[in-house]
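Survey of secondary and tertiary structure
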Amino acid sequence: MAIQKIDKLDKQILRMIAADARVPFLEVARACNVSGAAIHQRIQKLTSMGILKGSQFVLDPEKIGYETCAYIGLNLRNPEKFDTVVKKLYEIPEVVECHYTTGDFDLFIKIYAVNNHHLLNIIHDKLQPLGLARSETIIAFNSVISRQLPIDNIPVEDDDE
């Protein structure tokens with residue numbers, strides 16, 4: 001995958017909207033000393049380049065009753081069925097992330113459950129029927145770091161070119 005090149009203005013815009021996705025474009029324009037239309041165009045460009053993947057509100061799982069967060073490493077009996085298993089994992093609403101991995105697991109997923117009993121039901125009733133050779137569950141007590149990548153470390157195109 002090619003690294004997308006951005007300039008200093010793009011970086012300044014990214015810094016502002018990463019800090020607050022609800023910041024008005026006109027406020028971003030004033031801070032960047034450009035027009036509101038220029039900000040709209042830059043946001044569209046960054047989106048079409050795949051750098052921005054939209055904006056969303058982030059729910060706090062605990063506040064809506066999901067008290068258990070677990071990471072589960074999955075080993076498939078038939079690894080050639082990756083695509084089928086991923087499609088079935090996508091149908092399980094408690095699965096919020098799924099990654100192909102190297103190392104001990106074929107797939108690594110993140111799940112939110114109401115409690116440990118609910119987690120057990122998900123593992124037994126929804127995951128095991130997918131054709132797992134084995135799985136390993138790690139329950140997270142608390143998330144101590146959750147953040148975006150730092151904008152300041154993104155390389156920019158040189159102005160001299």
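The paragraphs below set out a description of the structure included in this document. In this text, all values refer to a predicted model and were calculated from it rather than measured experimentally.

Calculation notes
Along each chain, numbering runs from 1 in the same order as the chain's sequence is written. Owing to the predicted nature of the model, reporting of local features is limited to residues with pLDDT of at least 70; listing and counting of side-chain atom pairs is limited to 80 or more, with chain, interface and lining totals taken over all residues. With hydrogens and water set aside, each side-chain value is computed from the structure's full complement of heavy atoms. Helix axes use the C-alpha atoms of the stretch in contact, all axes being lines fitted to C-alpha atoms, and the angles between their N-to-C directions lie in the range 0 to 180 degrees. Each helix corresponds to a stretch of at least 4 residues labelled H or I by DSSP, and each strand to a stretch of at least 2 residues labelled E; elements are numbered beginning at the N terminus. Roughly parallel means an angle under 35 degrees; roughly antiparallel, over 145; roughly perpendicular, 65 to 115; everything else is oblique. Left-handed is the label given to a crossing in which the near helix is rotated counterclockwise from the far helix by less than a right angle, and right-handed is the label when the rotation is clockwise. Note on contacts: a residue pair qualifies if any of its non-hydrogen atoms lie within 4.5 Å across the two residues. Classification used: nonpolar for Ala, Val, Leu, Ile, Met, Phe, Trp, Tyr, Cys and Pro, charged for Asp, Glu, Lys and Arg, polar for all others including Gly.

**Quick word on the packing of helix H1 (residues 8-19) against helix H2 (residues 25-32)**
Two elements in contact, H1 and H2, have axes whose closest approach is 10 Å; the angle formed by their N-to-C orientations is 135 degrees. Between H1 and H2, the interaxial angle falls into the category oblique. In the packing of H1 onto H2, the handedness of the crossing is right-handed. On the side of H1, the interface is formed by Leu9, Gln12, Ile13, Met16 and Ile17, while H2 contributes Glu27, Val28, Ala31 and Cys32. Residue composition of the contact of H1 with H2, grouped by class: 7 nonpolar, 1 polar and 1 charged.

**Some thoughts on the packing of H1 against helix H3 (residues 36-48)**
One way to put it is that H1 packs onto H3 with a least axis distance of 11 Å and a crossing angle of 85 degrees. In terms of orientation, H1 and H3 fall into the roughly perpendicular class. Across the interface between the two elements, Leu9, Asp10, Ile13, Leu14 and Ile17 from H1 touch Ile39, Arg42, Ile43, Lys45 and Leu46 from H3. Looking at the contact of H1 with H3 residue by residue, the class counts come to 7 nonpolar, no polar and 3 charged.

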